[in-house]
Amino acid sequence: MCPSCAVCLNCACPKLFLTAPFLVGRYLLCEVIVPDRRHLLLLDDRAVAASVREAVARVHGDYGAALCSSRFSGYRSINWAPTVLSLSSVKYLNAHTGIVFLRFPKRCYKLLWSALPFITSIEARGQSIACFLNCLHVGGTIRTCQKFLIRYNTQQLHRMLPKCKNEEEKQQVKKSILKCTLTKGNRKGLDFPSDDDED
Amino acid sequence: MSVFMDLNLNYTTDKSRMRSLIETAAHLGFSTVAINHVFEPTAKKKQEIPSPTLIKELIDELPAVQGRSRPIRVLNRLTVVMSDSSHFRPNAAEYRGFDLLAVQPTTEKLFHAACMLYEVDIICVSVTEKLPFFFKRAPVNGAVGRGVVFEVSYSAAIRDSTRRRYTIANAVSLMESCRGKNVILSSAAEKPLEIRGPYDITNLGLLFGLSDADAKDAVSTTCRSVVLHAETRKLASGIIYTMKSCTESSSLQGAPPADTGEAPAAKRAKPHLT
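Residues numbered from 1 in each chain as written. Chains lettered and ligands numbered in written order. Predicted model: local features only at pLDDT ≥ 70, side-chain atom pairs only at ≥ 80, totals over all residues. Heavy atoms only, no water.

- Under an unreviewed UniProt entry, the name given to chain B is Ribonuclease P protein subunit p30, and the source organism is Gasterosteus aculeatus aculeatus.
- Checking UniProt for chain B, the heading Subcellular location (unreviewed entry) contains the comment "Nucleus, Nucleolus".
- As recorded by UniProt, the Sequence similarities (unreviewed entry) comment attached to chain B reads in full: "Belongs to the eukaryotic/archaeal RNase P protein component 3 family." (UniProt positions renumbered as here; feature names shortened; annotations may be inferred.)

- An unreviewed UniProt entry lists chain A under the name Ribonuclease P/MRP protein subunit POP5, with Gasterosteus aculeatus aculeatus as the source organism.
- Regarding chain A, the UniProt comment filed under Sequence similarities (unreviewed entry) reads as follows: "Belongs to the eukaryotic/archaeal RNase P protein component 2 family."
- What UniProt states about chain A under its Subcellular location (unreviewed entry) heading is, verbatim, "Nucleus, Nucleolus".

Encoded structure:
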């Protein structure tokens, strides 16, 4: 799977492109924390990308806004169908858990990362959701972030276990913990119940 | 794995808000937090120093810290905003209930006095206004030698744009004089949405002019040395250690008395604290 696109394609990308130095980036694994979990379901990746870009523009001005939108162009339009790709920096969003993968270019990721604490709300579907982003992990590829995410979700399940109210929920959580693996070809092998007890 | 601490959570009388603040801090990975009571004495009226809250009253069961099995540790802290030297009375009896003591000087003389003389743990750098004085190397180095740290709080920067400029301006000038050592970064959060995770704060430290290692220290190692400094400050002459639960006081050997003029070795903030 090509690490630079969000969708698993049978890319015609030659291996040469994957090792090109300007293709490297940093993937930030962030968690959106809201006081009310139901607002999480309103999120979509465009809203998150817009709020990230707006925060970077607010804090770092035009320089930050320019860095955020610098994407490698040119050969892409030749090799890939442009409709499939999204050029935004949000590579993955899970609305149930609030996990977001953000992609930044490697030379300036710290500067853009420093604008993330200034996000106080996300505009999604006409509503303004008060929230903040907590960065959990920085990785060089999506795969390392996925591995961290599996471990993190396993930890969250362990934290959920003492809070389960009845035996049935406990069994569900235990089964999910045992099922946590990173299987080949899948984005995540983790499937856990969207429990209301999850903190 | 480092221990992250956030030593400034503003106290509000709303208990549910305090509870959700502490739970959010535990979820983000902070092992220790301190509830801050700000005391601003005015010259005319005599005001009482607020009493520290009992942690058991505030929250029944302390939540476990993310990534660890121990519950979060909650301390009490008092910040005295000083505009006059009579505002801070050293060794006042009311201060004994608090685990951490902080002072926020507003004039250059007070800043000098706080760095060199006062028995405090933290000196706060104000973020809501342009500093009326510059940081001079002499008192800053004196404070560093005694183990007193400087604190920059960041939640004002998150709330407001002009405050953001003041925060960054004051923080950058502080970092220049103290060279990045003995600084802690903390939120002065009033709502649970104003806290940020430890890695985000480390990155904010880079914005303020700290190096990578110094920024991470500002959230972990230096905070830990502040807590230890506060504990030793409570010891009478550095030798006797009274435990709250026991009726007798057990003595700890090995530290010279503080009234010889030299701070005990445990008081100085060392770069590597095990």
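## A look at the interface of chain A and chain B
Okay, so step 1: With 25 residues of chain A at the interface, the matching set in chain B holds 22 residues.
Okay, so step 2: Regarding the contact of chain A and chain B, the summed buried area is about 2000 Å², with carbon and sulfur atoms giving 58% of it.
Okay, so step 3: The largest contributions to the chain A side of the interface with chain B come from A:P117, A:F118 and A:F132, which together make up 31% of the buried area.
Okay, so step 4: For the interface between chain A and chain B, the tally reads one salt bridge.
Okay, so step 5: Among the salt bridges present, the one from B:D212 reaches A:K110, with a minimum N-O distance of 3.1 Å.
Okay, so step 6: The interface formed by chain A and chain B holds eight residue pairs in polar contact (both at pLDDT 80 or more) in total.
Okay, so step 7: At the level of secondary structure, the elements contributing two or more residues to the side of chain A that touches chain B comprise strand 1 (25-33), helix 2 (45-68), helix 4 (109-113), strand 6 (132-139) and helix 5 (142-160) of chain A.
Okay, so step 8: Here the side of chain A that touches chain B gets five residues from one element, more than from any other, and that element is strand 6 of chain A.
Okay, so step 9: Here the side of chain A that touches chain B is composed, by residue class, of 14 nonpolar, six polar and five charged. (Contact = heavy atoms within 4.5 Å. Buried area = accessible area lost by both parts, 1.4 Å probe. Salt bridge = Lys/Arg side-chain N within 4 Å of Asp/Glu carboxyl O. Polar contact = N/O pair within 3.5 Å; in protein donor to acceptor, adjacent residues only side chain to side chain. Helix = DSSP H or I, 4+ residues; strand = E, 2+ residues; numbered from the N terminus. Nonpolar A, V, L, I, M, F, W, Y, C, P; charged D, E, K, R; others polar.)

## Quick word on helix 8 (residues 212-219) of chain B
Residue and element names in this part refer to chain B.
Okay, so step 1: If you check which residues of helix 8 are buried, you get D214, A215, A218 and V219. The buried residues of helix 8 occupy an angular sector of 135 degrees when the element is viewed end-on, so they sit on one face.
Okay, so step 2: Buried residues along helix 8 sit against strand 1 (4-10), strand 2 (30-39), strand 7 (183-186), helix 7 (198-208) and helix 9 (221-234). (Buried < 20%, exposed > 50% of the residue type's maximum accessible area, 1.4 Å probe, protein only. Arc of directions from axis to C-beta.)

## Notes on the packing of helix 5 of chain A against helix 6 (residues 167-178) of chain A
Residue and element names in this part refer to chain A.
Okay, so step 1: Across the interface, helix 5 lies against helix 6 with an axial gap of 10 Å and an inter-helix angle of 160 degrees. One element, helix 5, and the other, helix 6, form an angle in the roughly antiparallel class. Helix 5 and helix 6 meet at a crossing whose hand is left-handed. Across from T154, L157, H158 and M160 in helix 5, the residues of helix 6 making contact are V173, S176 and I177. (Axes fitted to C-alpha atoms, helices over the stretch in contact; angles between N-to-C directions. Parallel < 35°, antiparallel > 145°, perpendicular 65-115°, else oblique. Left-handed = near helix turned anticlockwise from the far one by under 90°.)

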